[in-house]
Amino acid sequence: RALKQGEFCFYLQPKCNNMTKAIVGMEALVRWNHPTRGVVPPGEFIPLLEETGLVTQLDLYLWESVCKMLHRWKEEKRNLVPISVNVSIADITSLDVAKVFGNLVERYQLEPKLLLVEITESMMARNMKLVENTIKGLHRKGFSVLMDDFGSGYSSLNMLKDTSVDGIKMDLKFIDMDRSNAGKGRQIVESVVEMAHRLHLPIIAEGVENQEQVHLLQAMDCLYTQGYYFYRPMPVADAEELLAQPANENYW
């Protein structure tokens, strides 16, 4: 019913340069505007959509909604930054994802670099060959792909070795840097950042929640961050106000 009634929307969470605090991109995160419950977070409804096989229908709606927004921004001559959208394993197994994205940017007259694709490390572990074929198809059409949740699985290094992603997102939440083993956590983060630099892969630290983490990441030369310390996910109108400010940089 919610899909038919158009009750789903997306919020935008900025990605920032943690030295200048300038916005370098945003991620589209789905929300459900329930008629009686208000805004419902994805953790409550995505598992149900996955069980019922409706998650791909929602993703198709979300991807097109993001492209409509980018087209409107372009027509209104707003500042443009790339928007990331998430692709699930269900999408890859049931769709020609590269073809869908290619058709969307053609229909809405967008450059592919304005639409980033995020896939999770766990997706690769489930079907590496299929995911890698999808990444190559997206590359042929000019899209960039980020590996999300890097480090949260059991085979991160193998995933990175065997795939052609264009950047990685490392979630700091998988390392509790406030516990007694915080020193080990910092060493792991530093090693991941150094490895990304050696591989010439941009790295974004997500889940950044306090100034101490920002200072640590700055010291490690991890330039890009996403998290509540900078911005929480926000409605599109609020994101548009942010992007109207002159401090934004070109996308990374």
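Further up the page is the structure itself.
Residues numbered from 1 in each chain as written. Predicted model: local features only at pLDDT ≥ 70, side-chain atom pairs only at ≥ 80, totals over all residues. Heavy atoms only, no water.

**Describing the nonpolar core**
Item 1. Among the nonpolar cores identified, the biggest contains 74 residues, and L12, I83 and F101 are the most heavily contacted of them.
Item 2. A per-element tally of this core places helix α3 (residues 55-75) first, with nine residues.
Item 3. Those residues in contact with F101 that sit more than four places away from it in its chain are W63, V85, V87, L115, V117, L138 and F143.
Item 4. One finds V24, L116, L146 and I204 within the second-largest nonpolar core, a separate group that totals five residues. (Core = buried A, V, L, I, M, F, W, Y, C linked by side-chain atoms within 4.5 Å. Buried < 20%, exposed > 50% of the residue type's maximum accessible area, 1.4 Å probe, protein only. Helix = DSSP H or I, 4+ residues; strand = E, 2+ residues; numbered from the N terminus. Contact = heavy atoms within 4.5 Å.)

**Quick look at unusual backbone geometry**
Item 1. Located in the positive-phi region is K77, a residue other than glycine, with phi close to 55°.
Item 2. Owing to a relative accessible area of 75%, K77 belongs among the exposed residues under this scheme.
Item 3. Despite not being glycine, H200 shows a phi value in the positive range, around 60°.
Item 4. As for its position among the elements, H200 is in the loop between α9 (182-198) and β8 (203-206).
Item 5. What makes H200 exposed here is its relative accessible area of 72%.

**Topic: the pairing of strand β6 (residues 145-150)**
Looking along a regular strand, one sees the side chains alternate between the two faces of the sheet.
Item 1. Counting buried residues in β6 gives five out of six residues, a clear majority hidden from the surface.
Item 2. As defined by bridge partners, strand β5 (residues 115-120) adjoins β6 across four bridges and the pair is classed as parallel. For E118, the partnering residue across the bridge sits in β6 and is L146. (Pairing = 2+ DSSP bridges.)

**What about the side chain of D59?**
Item 1. Summarising the element assignment, D59 is placed in helix α3.
Item 2. In this structure, D59 is in contact with N86, S88 and D91, ignoring residues within four places of it in sequence.

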